[in-house]
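# Architecture and fold: a report
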Amino acid sequence: MALEDAKTEVDTAFTRKGNRGYAFENAFGGATSFLRRTYTKDLTGVDLAITGVPFDQAVTHRTGTRFGPRAIREASSLQPYDPPHGWPTNPLEEMAIIDYGDLAFDYAKVADFPDTLTAHIRTILAAGAGTVTLGGDHYITYPILKAYAEKFGPLSVIHFDAHSDLWPDDDLARIDHGTMLYKAVKTGLVDPKRSVQIGIRTTTEDYLGVHVIDAREVHEKGVAAAVAKAKDIVGDGATYVTFDIDCLDPSAAPGTGTPVWGGLHSWQAAACLRDLAGINMVGGDIVEVSPPYDTTGATAIAGAHVAYELICLYHWARTQR
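Structural notes, computed from the coordinates. (Residues numbered from 1 in each chain as written. Predicted model: local features only at pLDDT ≥ 70, side-chain atom pairs only at ≥ 80, totals over all residues. Heavy atoms only, no water.)

With that out of the way, let us pick up the nonpolar core. F34, I158, F160, I198, F243, I286 and I311 are the most contacted members of the largest nonpolar core, which has 55 residues in total. At twelve residues, the largest contribution of residues to this core is made by helix α10 (residues 298–319). Those residues in contact with I198 that lie beyond four places of it in its chain are I158, H159, F160, D161, I213, V218, A230, C247 and L264. By size, the runner-up hydrophobic cluster in this structure holds 33 residues, among which are F113, I140, L181 and L189. (Core = buried A, V, L, I, M, F, W, Y, C linked by side-chain atoms within 4.5 Å. Buried < 20%, exposed > 50% of the residue type's maximum accessible area, 1.4 Å probe, protein only. Helix = DSSP H or I, 4+ residues; strand = E, 2+ residues; numbered from the N terminus. Contact = heavy atoms within 4.5 Å.)

Here the structure, examined in full by the defined rule, presents eleven aromatic pairs. Taking the centre distance of 6.3 Å and the plane angle of 35° together, the rings of F24 and Y81 count as tilted. Here F24, found in the loop between α1 (12–15) and β1 (38–39), pairs with Y81, found in the loop between α2 (68–75) and α3 (91–94); they are 57 residues apart in sequence, far enough to count as distant. Looking at Y81, the relative accessible area reads 15%, which means it is buried. Seen in terms of ring centroids, F105 and F113 are 5.2 Å apart; in terms of plane orientation they differ by 70°. Their pairing is edge-to-face. Directly above the aromatic system of Y100 lies the positively charged group of K41, at a separation of 4.3 Å from the ring centroid. In this arrangement the basic side chain of R318 is found over the ring face of Y314, its NZ or CZ atom lying 4.1 Å from the centre. (Phe/Tyr/Trp six-rings, centres within 6.5 Å; stacked < 30°, edge-to-face > 60°. Lys NZ or Arg CZ within 6 Å of the ring centre and 35° of its normal.)

Right, let's talk about the pattern of salt bridges for a bit. It is possible for side chains of opposite charge to pair when their charged atoms get near one another. Taken as a whole and assessed by the stated rule, the structure comprises 14 salt bridges. Close ionic contact of D99 with R73 constitutes a salt bridge, the shortest N to O distance being 2.8 Å. Of the two residues, D99 is situated in strand β3 (residues 97–102) and R73 in helix α2; the sequence distance between them amounts to 26 residues. Classification of R73 by relative accessible area gives buried; the value is 3%. For D176, the salt bridge is made with R174, and the minimal N-O distance between the two is 3.2 Å. One continuous salt-bridge network, built from bridges that share partners, spans D169, R174, D176 and K183. (Salt bridge = Lys/Arg side-chain N within 4 Å of Asp/Glu carboxyl O.)

Tracing the chain through its elements places E309 in helix α10. For E309, a relative accessible area of 6% corresponds to the buried category. For the pair E309 and P84, spaced 225 residues apart in sequence, the C-alpha separation works out to 8.0 Å. Residue contacts for E309: discarding those within four places in its chain leaves W87, A270, L273 and R274. There is a polar contact of 3.1 Å between the side chain of E309 and the side chain of R274. (Polar contact = N/O pair within 3.5 Å; in protein donor to acceptor, adjacent residues only side chain to side chain.)

Each strand in a sheet pairs with its neighbour through backbone hydrogen bonds, running either in the same direction (parallel) or in the opposite one (antiparallel). Taken in spatial order, the nine strands line up as β1-β3-β2-β4-β9-β8-β5-β6-β7 in an open sheet, and their pairing is parallel. What marks the edges here is a single partner per strand, and that holds for β1 and β7 (211–214). Where strand β4 (residues 130–135) and strand β9 (residues 281–287) come together, four bridges link them in parallel fashion. Counted as the bridge partner of V132 is G284 from β9. Most of the contacts of helix α5 (residues 141–152) go to β9, to which it runs at about 175°, and overall it touches β4, β5 (156–160), β8 (239–244) and β9. (Pairing = 2+ DSSP bridges. Axes fitted to C-alpha atoms, helices over the stretch in contact; angles between N-to-C directions.)

You can see E288 is positioned in the loop between β9 and α10. Of the side chains bearing the opposite charge, R62 lies closest to the buried E288, which forms no salt bridge; the N-O distance is 9.1 Å. Ignoring sequence-local partners within four residues, the contact set of E288 consists of V59, T65, G136, D137, H138, H177, D244, I245, G255, T256 and G257. (Lys, Arg positive; Asp, Glu negative; His and termini not counted.)

Okay, here's the thing in structure tokens:
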């Protein structure tokens, strides 16, 4: 099949046969599932489920990430024609990948949201699939980590971000995107000794033992050094990768709620993700894409690329380690 098949392919999110292979419908048309994967709740034989969590009620500044999953899916329509650049394998053909759709929740019962999300991810994991989640604000990672820790035990985390999300908050009922990792460490979901943050450029008094590779270190010592350090820290343990889009400099990703200057360039983030191949990645997410603050769509495009790289990392961990 080739690009000329666009004249007959449309809405492949619903019409495609099977859960593998490329899609060639026009990038500007059709139902925008992620990478044109099939929209389905059937997890039979599925290796990886892409799911959206349109939640932004935990932000400390600008809302809008509830529109992130939709925008990332739309941006991904440019990508399902070819193998991922820079990878020697092809997850779209070699794995059964679906778009599991978005989490359903009552927006007016915020207190119920965390358990609803944990149950959503738990269902996918129980079927034997992994997840790549499209956020949503960064709080969503905490309920997701609960489901993963139930299956894998305390996790290693690679956390790309401008912020540590480790601000003290011992009230588990509080729903705050700036304290998600604090809660995850304090409740034993994450092993801080085997976890690392990349791109940090805000101040936190206590990192709770989590290793930090700040943005300046990446700029000055280079991607290779940062990745080697991160791999050494997480080792072979089950590793979850969470990528806050504000890890990127606002010049590359202005569409986010709490932008901070001095961030990673997009090429640095791309190189980091590709060179992390070999970690035992069991799941991941891309969060904090806020389309209302970026009329160009560049932030959603970056988010779609991050999500595709996470798929590649997951595939590599299943086939090449």
